[in-house]
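Letter by letter, the chains look like this.
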Amino acid sequence: MPHLIKHPLALHVITRLREKTTKPAEFRSLCHHLSMLLALEATRDLAMREVAVNTPLEACIGHELARPLVVVPILRAGLGMVEPIVAMFPDVSVGYIGLERDHETAMARNYYCKMPPLAGTRVMVVDPMLATGGSAVQAIDVVKQKGGGEICMLNVVAAPEGVKAIEDAHPDVPIYTCALDRALNDKKYILPGLGDFGDRLYGT
Ligand SMILES: O=P(O)(O)OC[C@H]1O[C@H](OP(=O)(O)OP(=O)(O)O)[C@H](O)[C@@H]1O
Ligand SMILES: O=c1cc[nH]c(=O)[nH]1
Ligand SMILES: [Mg+2]
């Protein structure tokens, strides 16, 4: 089962995001807030190590992140989730994977890939929409082929079909989402969903 973000702010923000009259400027800001909530939840269990720190008053033991973090947006809509994560984790590396669904078949075509070194890292694959799961499964395949081991998936909205596709293909990958929606329509759009995320984010 996916980790569902139940924070009241997430419910409030996603309601504005669904509203069809919400314009790209507000849409981007709402996406920013939800991405922060998702990233906070998905990094709760990050490995830490102890470090010595000197306060103005005395020495004590502090903690720092023990392993490098990587965020991999699935282009293009996933780009909207990168900036808030970079703001929270300034040392994060960014890998890019370009996937675009065919409008007739809903099958995702891979058109771009550039990854930083992935061995020994925690990888957050981010894409606001998890519909059939075809894009997410393909992206996680690529991350694993390139050496990523500890992977999690962050979505703003997930459909049951997409959740099942990831759980079947990559049972080791936890899914974090702000909403578990009802179903897909015959064009493989999420219901109730929020329409085409990339188009609403970028005004296309
Ligand atoms: O789970 P799936 O059925 O694969 O659908 C989800 C994918 O569809 C959307 O991208 P799209 O292909 O529309 O590309 P875009 O982000 O460039 O608009 C979305 O951002 C996901 O990547
Ligand atoms: O509902 C959907 C499904 C795929 N991609 C989107 O942007 N929205
Ligand atoms: Mg799109």
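Residues numbered from 1 in each chain as written. Chains lettered and ligands numbered in written order. Predicted model: local features only at pLDDT ≥ 70, side-chain atom pairs only at ≥ 80, totals over all residues. Heavy atoms only, no water.

Naming follows an unreviewed UniProt entry, where the protein chain appears as Uracil phosphoribosyltransferase of Ereboglobus luteus. For the protein chain, the Pathway (unreviewed entry) comment in UniProt is given as "Pyrimidine metabolism; UMP biosynthesis via salvage pathway; UMP from uracil: step 1/1." If you open the UniProt record of the protein chain and go to Function (unreviewed entry), you find "Catalyzes the conversion of uracil and 5-phospho-alpha-D-ribose 1-diphosphate (PRPP) to UMP and diphosphate." (UniProt positions renumbered as here; feature names shortened; annotations may be inferred.)

A few words now on the UniProt feature "domain: Phosphoribosyltransferase" (unreviewed entry) in the protein chain. The UniProt feature table records "domain: Phosphoribosyltransferase" (unreviewed entry) at residues 5-204. End-to-end, the C-alpha atoms of residues 5-204 are 29 Å apart, and along that stretch the chain is 32% helix and 31% strand. (Helix = DSSP H or I, 4+ residues; strand = E, 2+ residues; numbered from the N terminus.)

Our focus in this paragraph is the site of ligand 1. Near ligand 1 lie 14 residues; those nearest to it are Arg101, Asp127, Thr132, Gly133 and Ser135. Side-chain polar atom of Asp127 to an oxygen atom of ligand 1: 2.4 Å apart, as the coordinates give it. For ligand 1, the protein covers 93% of the area, taking 500 Å² as the surface of the free molecule. Broken down by secondary-structure element, the contributors of at least two residues to the shell around ligand 1 are strand E6 (96-101), strand E9 (129-130) and helix H4 (134-145). Looking at which element gives the most residues to the shell around ligand 1, the answer is E6, with 3 residues. Its residues assigned to classes, the shell around ligand 1 comprises 6 nonpolar, 4 polar and 4 charged. (Near = heavy atom within 4 Å. Polar contact = N/O pair within 3.5 Å; in protein donor to acceptor, adjacent residues only side chain to side chain. Areas by Shrake-Rupley, 256 points an atom, 1.4 Å probe, with all protein chains shown as cover. Nonpolar A, V, L, I, M, F, W, Y, C, P; charged D, E, K, R; others polar.)

Taken together, Arg101, Met129, Ala131, Lys188, Tyr189, Ile190, Gly195, Asp196 and Phe197 are the residues near ligand 2. Here Ile190 contributes a backbone N or O atom positioned 2.8 Å from an oxygen atom of ligand 2. Gly195 places a polar main-chain atom, nitrogen or oxygen, 2.8 Å from a nitrogen atom of ligand 2. Against a free-state accessible area of 230 Å², the protein chains account for coverage of 89% of ligand 2. A class-by-class count of the residues in the shell around ligand 2 yields 5 nonpolar, 1 polar and 3 charged.

The full count for this structure, using the stated rule, is 11 salt bridges. Put simply, Asp45 and Arg122 hold a salt bridge, and the shortest N to O gap is 3.2 Å. A residue pair is termed long-range when its members are at least 10 positions apart, and Asp45 in the loop between helix H2 (24-42) and strand E2 (48-54) and Arg122 in strand E8 (residues 122-126) qualify at 77 residues. For Arg122, a relative accessible area of 7% corresponds to the buried category. Ionic pairing is found between Glu64 and Arg49, a salt bridge with its closest N-O pair at 2.9 Å. With Glu64 in strand E3 (residues 59-65) and Arg49 in strand E2, this residue pair connects regions lying 15 residues apart in the sequence. Accessibility expressed as a relative area gives 33% for Glu64, which makes it partly exposed. With relative accessibility at 40%, the residue Arg49 sits in the partly exposed group. (Salt bridge = Lys/Arg side-chain N within 4 Å of Asp/Glu carboxyl O. Buried < 20%, exposed > 50% of the residue type's maximum accessible area, 1.4 Å probe, protein only.)

Okay, the packing of helix H1 (residues 8-18) against H2 next. Interaxial distance between H1 and H2 falls to 9 Å at its minimum, and their mutual angle equals 150°. In terms of their interaxial angle, H1 and H2 are classed as roughly antiparallel. Considering the relative orientation of H1 and H2, their crossing is left-handed. Mapping the contact onto sequence places Leu9, Ala10, Val13, Ile14, Arg16 and Leu17 in H1 and Glu26, Phe27, Leu30, Cys31, Leu34 and Leu37 in H2. When grouped by side-chain class, the residues that make up the contact of H1 with H2 number 10 nonpolar, no polar and 2 charged. (Axes fitted to C-alpha atoms, helices over the stretch in contact; angles between N-to-C directions. Parallel < 35°, antiparallel > 145°, perpendicular 65-115°, else oblique. Left-handed = near helix turned anticlockwise from the far one by under 90°. Contact = heavy atoms within 4.5 Å.)

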